[in-house]
Amino acid sequence: NGNMKSPNLQDAASPLMEQLIFFHDHAMLVLILITTLVGFMLSSLLFNSLTNRILLEHQTIETIWTILPAIILIFIALPSLRLLYLLDEVNNPSVTLKAIGRQWYWSYEYSDFTQISFDSYMASSQDISESEFRLLEVDNRSILPMNTQIRALISAGDVIHSWTVPALGVKASTVPGRLNQIKFQINRPGLFYGQCSEVCGANHSFMPIVVESTSIKSFLNWISFNSDN
Amino acid sequence: MSVSIMDSEPKLETAPFDPRFPNQNQTRYCYQSFVDYHRCQKIKGEDYEPCEYFKKVFSSVCPGDWVEKWGEQLENG
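Residues numbered from 1 in each chain as written. Chains lettered and ligands numbered in written order. Predicted model: local features only at pLDDT ≥ 70, side-chain atom pairs only at ≥ 80, totals over all residues. Heavy atoms only, no water.

An unreviewed UniProt entry lists chain B under the name Cytochrome c oxidase subunit 6B1, from Macrobrachium rosenbergii. UniProt, in its Subcellular location (unreviewed entry) section for chain B, records the words "Mitochondrion". (UniProt positions renumbered as here; feature names shortened; annotations may be inferred.)

The name that an unreviewed UniProt entry assigns to chain A is Cytochrome c oxidase subunit 2, with the source organism given as Macrobrachium rosenbergii. Of chain A, the UniProt comment under Subcellular location (unreviewed entry) reads exactly: "Mitochondrion inner membrane". Listed in UniProt under the heading Sequence similarities (unreviewed entry), the comment for chain A reads: "Belongs to the cytochrome c oxidase subunit 2 family."

Following this line, the structure appears as structure tokens:
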């Protein structure tokens, strides 16, 4: 489901995205706890008619409220670093997808086997059926196999764009003349949507990305079918 | 390595991870493989099979436009 109006992250479709969501939830919990605690202390001080005329200094409490935040920060930093290194792990991709951003559509190339390339334009609102997502559907989706390591190499033909699929936890800028690599793995079949994330002209909001994830066998069939054309 | 559509189905295989290019910017991986393929052919001759490894890599990794453009540049000297 690519069309969510709630302020949530989309459901993960990739193991790395799952980990990102867990970290996000963990950090958010810490923040909520801190905010609640501070808010409580602040309001209880404000609505309080006690006065202390002789308060000068207090070493002990100052030490405590320096050490305690440091400990809280460690609780955030450790999972964060773990995730940072996890995202950088080396893996051996089995499929390479090339996505080239152009004004205002994406070109996809699959050249591991034979040369398959096609363009992916947004489907106009008139051509959409009742059940499809306005401004998110495309005429040709990029098909990828699930449970395989995928390497996406993205670039651009004219101006800077950005290729992203939030459900997979990937986003990177596409720069003309530069080839950026994103690695991911999709762990369930389905349709995953994204939108160009770098302002690129008049139709920047109208060049979505749709990844259709399917079984390895179906993917290979699709490759064979398209290679014959 | 190369696939004949007539007899067998393509396997899931692509250009491997190259530790010379571990980071996000893979522009050099593409360019280097392209250059290495043509140098390999020049030195070893057109029929030398192991040169095909470089061809496989740059076919997978390089955008079609870039390969075309460089091919033209090669032809023009």
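K.L.:
Any details on the state of the cysteines? Residues and values, ideally.
P.N.:
Residue and element names in this part refer to chain B. Inspection of the entire model under this criterion finds two disulfides over all chains. Note that Cys 30 is cross-linked by a disulfide to Cys 62, the S-S spacing being 2.1 Å. Every disulfide takes its handedness from the sign of the S-S torsion; for Cys 30 and Cys 62 that torsion is 120°, giving right-handed. Taken as a pair, Cys 30 in helix H1 (residues 27-44) and Cys 62 in the loop between helix H2 (52-61) and helix H3 (64-75) lie far apart in primary sequence, 32 residues in all. Here Cys 30 and Cys 62 have matching classes, each one buried. For Cys 40, the disulfide goes to Cys 51, at an S-S distance of 1.8 Å. Taking the sign of the S-S torsion, about -85° here, the bridge from Cys 40 to Cys 51 comes out left-handed. (Disulfide = S-S within 2.5 Å. Helix = DSSP H or I, 4+ residues; strand = E, 2+ residues; numbered from the N terminus. Buried < 20%, exposed > 50% of the residue type's maximum accessible area, 1.4 Å probe, protein only.)

K.L.:
Which residues make up helix H1 (residues 15-46) of chain A, and what values do they have?
P.N.:
Residues and elements named next belong to chain A. When the terminal C-alpha atoms of H1 are compared, their 46 Å separation across 32 residues agrees well with the 46 Å that a helix rising 1.5 Å per residue should span. Residues of H1 that are buried include every one of Met 17, Gln 19, Ile 21, Ala 27 and Val 30, and no others. In the core, the buried residues of H1 are packed alongside helix H2 (59-87). (Expected span 1.5 Å × (residues − 1). Contact = heavy atoms within 4.5 Å.)

K.L.:
Summarise the packing of aromatic side chains; cite the residues concerned and give the values.
P.N.:
This model, assessed by the stated rule, comprises 16 aromatic pairs over all chains. Aromatic pair Tyr 110 of chain A and Phe 219 of chain A: ring centres 6.2 Å apart, planes at 50°, arrangement tilted. Placement of Tyr 110 of chain A in strand E2 (residues 105-110) and of Phe 219 of chain A in helix H3 (residues 216-227) is noted, with a sequence separation of 109 residues between them. Comparing Tyr 110 of chain A with Phe 219 of chain A shows no difference in burial state: the two are buried. Each ring, one from Tyr 53 of chain B and one from Phe 54 of chain B, has its centre 5.9 Å from the other, and the planes form 65°; the classification is edge-to-face. Judged by relative accessible area, which is 24%, Phe 54 of chain B ranks as partly exposed. (Phe/Tyr/Trp six-rings, centres within 6.5 Å; stacked < 30°, edge-to-face > 60°.)

K.L.:
If you had to explain the UniProt feature "transmembrane region" (unreviewed entry) in chain A to someone new, which residues and values would you point to?
P.N.:
All names here are of chain A. In this structure's numbering, the residues bearing the UniProt feature "transmembrane region" (unreviewed entry) are residues 27-51 and 63-87. Structurally, residues 27-51 is divided into 80% helix and 0% strand, and its ends, taken at the C-alpha atoms, are 36 Å apart. Secondary structure over residues 63-87 splits into 100% helix and 0% strand, and the C-alpha atoms at its two ends are 36 Å apart.

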